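# Coordinate inspection notes
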Amino acid sequence: MMIESSLINEPIPRHIAIIMDGNGRWAQARGISRNEGHKKGLDALRSVVRSANDLGVRWLTLYAFSLENWSRPKLEVASLMGLLERYLELEIEEVMEKGIQLRSIGRPDRLPSRIRKKVDDAIERTRNNSNMTLVFALSYGGRSEIVDATRKLLRDAELGKIDPERIDEKTFAAYLYDPEVPDPDLLIRTGAELRVSNFLLWQIAYTEIYSTGVMWPDFGGSELMDAVRDYQSRERRFGLTGEQVRGTRNGGG
Ligand code: FPP
């Protein structure tokens, strides 16, 4: 992938999260099965992982399978699980070679045990890699993550490990699925929808959102660069005024 110099002269988002949407519609438009669309979606996923790593992105979180996706037709669920398995089998060598670390967030207890084992093995095998970290949101829901965090927090409170009066945002965030993952700087959604779809609800409080009409199977390195360029044109104010932010950036008050 050719990376334009103008792109790397500006800050590259440290953490990009992606809602990979549109496999089904992409397939439908071509008169082929949804599963064929997901297959093409896996090719897009591989190419985007490569491009993000080349761009110097440190964290990439992909919404691979939501809790709601369990309610899709059985065959489609099986096909998505099969693709995940294929990714873990076929890409692990390249992932190792590139020094990419794998992690996952979600409720793993619902995954078939064979898949769960493959995911765990891949996480274990890549744990000392220190280039980009690729986080798979698998069997994931944002509200469930908050509920699960609350449950763990209350258990610790019951055990007297935590004082309810002292719980603040930082304490709470430490109970999320993977507290080491920083909040995303940029959230990309493909497939022309303007929804958050229960993805990283806690973490996207100040995330820049980019939506594109491109269906996921057509998304690749050049589309990723378009999104990053768009991100670079924005001013992130985190609730402050533009003057305040620009003052800080120039070293002033
Ligand atoms: C959305 O397309 C996509 C998903 C359900 C998940 C993303 C899946 C892949 C990238 C394929 C590889 C799979 C894994 C698990 C690694 P959609 O079916 O919702 O599209 P539609 O909105 O057009 O129907």
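On a predicted model such as this, the values are computed, not experimentally measured, just so you know.

Turning next to unusual backbone geometry. Unusually for a residue other than glycine, Leu200 sits at a positive phi of about 45°. Assignment of secondary structure puts Leu200 in the loop between strand 5 (186-189) and strand 6 (208-211). Using a relative accessible area of 3% as the deciding quantity, one classes Leu200 as buried. Positioned with a positive phi, Phe238 is a non-glycine residue whose angle comes to about 45°. Note on placement: Phe238 falls in the loop between helix 8 (221-232) and helix 9 (242-249).

A word on the packing of helix 3 (residues 34-55) against helix 4 (residues 74-97). Direction vectors running N to C along helix 3 and helix 4 enclose 30°, while the axes themselves pass 10 Å from each other. On the basis of their axis angle, the class for helix 3 and helix 4 is roughly parallel. Handedness of the crossing formed by helix 3 with helix 4: right-handed. From helix 3, Arg34, Asn35, His38, Lys39, Leu42, Leu45, Arg46, Val49 and Arg50 reach across to helix 4, where they touch Leu75, Glu76, Ser79, Leu80, Leu83, Arg86, Tyr87, Glu91 and Glu94. Grouping the amino acids of the contact of helix 3 with helix 4 by side-chain chemistry returns 7 nonpolar, 3 polar and 8 charged.

Moving on, we get to the confidence of the model for the protein chain. The share of residues in the protein chain with pLDDT of 70 or more is 98%, and the mean pLDDT across the chain is 95. Of all secondary-structure elements in the protein chain, the lowest mean pLDDT belongs to helix 1 (residues 5-8), at 82, while strand 1 (residues 15-19) reaches the highest, 99.

Okay, the side chain of Glu85 next. Along the chain, Glu85 falls in helix 4. A polar atom in the side chain of Glu85 sits 2.9 Å from the side chain of Lys118.

Next up on the list: the sheet that holds strand 1. Strand order in the open sheet formed by 6 strands is 3-4-2-1-5-6, with parallel pairing between adjacent strands. Either end of the sheet is taken by a strand with one partner, and the two such strands are strand 3 (101-105) and strand 6. Between one strand and the next, the sheet's axes are offset by a mean angle of 20°, whatever the strand orientation. Pairing of strand 5 with strand 6 involves 4 bridges; the strand directions are parallel. Across the sheet, residue Leu186 finds its bridge partner in strand 6, namely Glu208.

Bringing the site of the ligand into the picture now. Near the ligand lie 17 residues; those nearest to it are Met20, Asp21, Arg25, Arg34 and Arg72. The contact in question runs from an oxygen atom of the ligand to an N or O atom on the side chain of Asp21, over 2.9 Å. In the environment of the ligand, an oxygen atom lies 3.0 Å from a nitrogen or oxygen atom belonging to the backbone of Gly24. For the shell around the ligand, the secondary-structure elements that each account for two or more residues are helix 2 (23-29), helix 3 and helix 4. With 5 residues, the top contributor of residues to the shell around the ligand is helix 3. Taken together, the residues that form the shell around the ligand break down as 7 nonpolar, 6 polar and 4 charged.

The next point concerns helix 3. For an α-helix, 3.6 residues make a turn, and residues three or four places apart therefore share a direction. Over its 22 residues, helix 3 extends 31 Å from the first C-alpha to the last, a length consistent with the 32 Å expected when each residue adds 1.5 Å. All of the buried residues along helix 3 are Gly37, His38, Gly41, Leu42, Ala44, Leu45, Val48, Val49, Ser51, Ala52, Asn53 and Leu55.

Enumeration according to the criterion identifies 9 aromatic pairs in this entry. A centroid spacing of 6.0 Å and a plane angle of 80° characterise the contact between Tyr63 and Tyr140, whose relative ring orientation is edge-to-face. A residue pair is termed long-range when its members are at least 10 positions apart, and Tyr63 in strand 2 (residues 59-66) and Tyr140 in strand 4 (residues 133-140) qualify at 77 residues. Both rings, one in Tyr140 and one in Phe199, keep their centres 6.0 Å apart while their planes meet at 90°; by these two values the pair is edge-to-face. One end of the pair, Tyr140, is in strand 4; the other, Phe199, is in the loop between strand 5 and strand 6, and 59 residues separate them in sequence. The structure contains a cluster of three or more aromatic residues connected by ring pairs, namely Tyr63, Tyr140, Tyr177 and Phe199.

For the pair helix 3 and helix 8, the least separation of the axes is 9 Å and the interaxial angle reads 50°. Considering the angle they form, helix 3 stands oblique to helix 8. Handedness of the helix 3/helix 8 crossing: right-handed. Taking contact as the criterion, the partners of Ser47, Val48, Ser51, Ala52 and Leu55 in helix 3 are, on helix 8, Gly221, Leu224, Met225 and Val228. Taken together, the residues that form the contact of helix 3 with helix 8 break down as 6 nonpolar, 3 polar and no charged.

So, how was this worked out
- Residues numbered from 1 in each chain as written.
- Predicted model: local features only at pLDDT ≥ 70, side-chain atom pairs only at ≥ 80, totals over all residues.
- Heavy atoms only, no water.
- Helix = DSSP H or I, 4+ residues; strand = E, 2+ residues; numbered from the N terminus.
- Buried < 20%, exposed > 50% of the residue type's maximum accessible area, 1.4 Å probe, protein only.
- Axes fitted to C-alpha atoms, helices over the stretch in contact; angles between N-to-C directions.
- Parallel < 35°, antiparallel > 145°, perpendicular 65-115°, else oblique.
- Left-handed = near helix turned anticlockwise from the far one by under 90°.
- Contact = heavy atoms within 4.5 Å.
- Nonpolar A, V, L, I, M, F, W, Y, C, P; charged D, E, K, R; others polar.
- pLDDT = per-residue confidence, 0-100.
- Polar contact = N/O pair within 3.5 Å; in protein donor to acceptor, adjacent residues only side chain to side chain.
- Pairing = 2+ DSSP bridges.
- Near = heavy atom within 4 Å.
- Expected span 1.5 Å × (residues − 1).
- Phe/Tyr/Trp six-rings, centres within 6.5 Å; stacked < 30°, edge-to-face > 60°.

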